[in-house]
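Residue strings, one per chain:
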Amino acid sequence: DTAVSQTPKYLVTQMGNDKSIKCEQNLGHDTMYWYKQDSKKFLKIMFSYNNKELIINETVPNRFSPKSPDKAHLNLHINSLELGDSAVYFCASSQAPGVGYGYTFGSGTRLTVV
Amino acid sequence: EDKVVQSPLSLVVHEGDTVTLNCSYEVTNFRSLLWYKQEKKAPTFLFMLTSSGIEKKSGRLSSILDKKELFSILNITATQTGDSAIYLCAVYSGGGADGLTFGKGTHLIIQP
């Protein structure tokens, strides 16, 4: 009965590969997000997706693309992986944009690019 | 660009001590400030604050917001080893990618 689930939990891949991380939420939330947490534990927003509207943090390279097949899923696709992409990626969801309460994180995907 | 600054970045205390964690922010169109606790995996929600001067309390944890001075504190009394974690402060302003802007966190270690 996990509220926000991500797969895989760990991902090790070579530079230049393309990979995807899946996220699903069963909370009925309207908005989903992707965050990146670097080695210094700094969490930074990458994308938010609400009702088919995607808002992108301008600092995110266009090699990263979120894809939402439906309201409960927001997958993250990464092209041409680079060493600097190594981080923990967290998916999150909230009831609506701007609603801090009920903001729930997944358990993270540790991506290592070698 | 929205900015959230937490202090101290790390803190080591003994069980039973009281700690105060600080969070200051500079954001346009402030809407709410949130505190999270992160142990090994996902950040877990502690408090959301929107109004100045109203203390939120949960057991030994409490938090208060000062919207005039743009900061919040998180207090933990009678600390236990299970309180060891990274405590994250975040602000929602509706800007950027419409998500939360996080501080770098305070790494709290409680020694027995």
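Everything below is about the structure shown above.
Residues numbered from 1 in each chain as written. Chains lettered and ligands numbered in written order. Predicted model: local features only at pLDDT ≥ 70, side-chain atom pairs only at ≥ 80, totals over all residues. Heavy atoms only, no water.

Undergrad: Please set out the pairing of strand β9 (residues 87–94) of chain A residue by residue, giving values where relevant.
TA: All names here are of chain A. β9 sits mainly inside the fold: eight of its eight residues count as buried. Both faces of β9 are covered, namely the face carrying Ala87, Tyr89, Cys91 and Ser93 and the face carrying Val88, Phe90, Ala92 and Ser94. Of the strand pairs in this sheet, β9 and strand β11 (residues 109–113) are connected by three bridges, and their pairing is antiparallel. If you follow Tyr89 over to β11, its bridge partner there is Thr109. Looking at chain direction, β9 and strand β10 (residues 104–105) are connected through two bridges and run antiparallel. Paired with Ala92 across the bridge in β10 is Phe105. (Buried < 20%, exposed > 50% of the residue type's maximum accessible area, 1.4 Å probe, protein only. Helix = DSSP H or I, 4+ residues; strand = E, 2+ residues; numbered from the N terminus. Pairing = 2+ DSSP bridges.)

Undergrad: An account of unusual backbone geometry is needed here, citing residue identities and associated values.
TA: A cis amide bond, omega -5°, links Thr7 of chain A with the succeeding residue Pro8 of chain A. Looking at the element boundaries, Pro8 of chain A is found in the loop between β1 (4–7) and β2 (10–13). Look at the link from Ser7 of chain B to Pro8 of chain B: it is a cis peptide, with omega at -10°. Structurally, Pro8 of chain B is set in the loop between β1 (3–7) and β2 (10–14). The phi torsion at Ser80 of chain A lies on the positive side, around 45°, for a residue other than glycine. Relative to the elements of secondary structure, Ser80 of chain A occurs in the loop between β8 (75–78) and β9.

Undergrad: Account for the pattern of salt bridges, with residues named and values stated.
TA: Pairing between side chains of opposite charge can happen when the charged atoms of each approach one another. All names here are of chain A. Across all of its chains, the model carries five salt bridges over all chains by this definition. Between Asp30 and Lys71 there is a salt bridge, with its nearest N and O atoms 2.9 Å apart. Here the residue Asp30 occupies a position in the loop between β3 (19–25) and β4 (31–37), and Lys71 occupies one in the loop between β7 (64–67) and β8, the gap between them amounting to 41 residues. Classification of Asp30 by relative accessible area gives partly exposed; the value is 33%. Asp85 is paired through a salt bridge with Arg63; the nearest N and O atoms lie 2.8 Å apart. Highlighted residues: Asp85 in the loop between β8 and β9 and Arg63 in the loop between β6 (53–56) and β7, separated in sequence by 22 residues. Across the pair, Arg63 and Asp85 agree in class, each one buried. When salt bridges with common partners are traced through the structure, they connect Arg63, Glu82 and Asp85 into a single cluster. (Salt bridge = Lys/Arg side-chain N within 4 Å of Asp/Glu carboxyl O.)

By themselves, these are just geometric observations and shouldn't be taken as functional.
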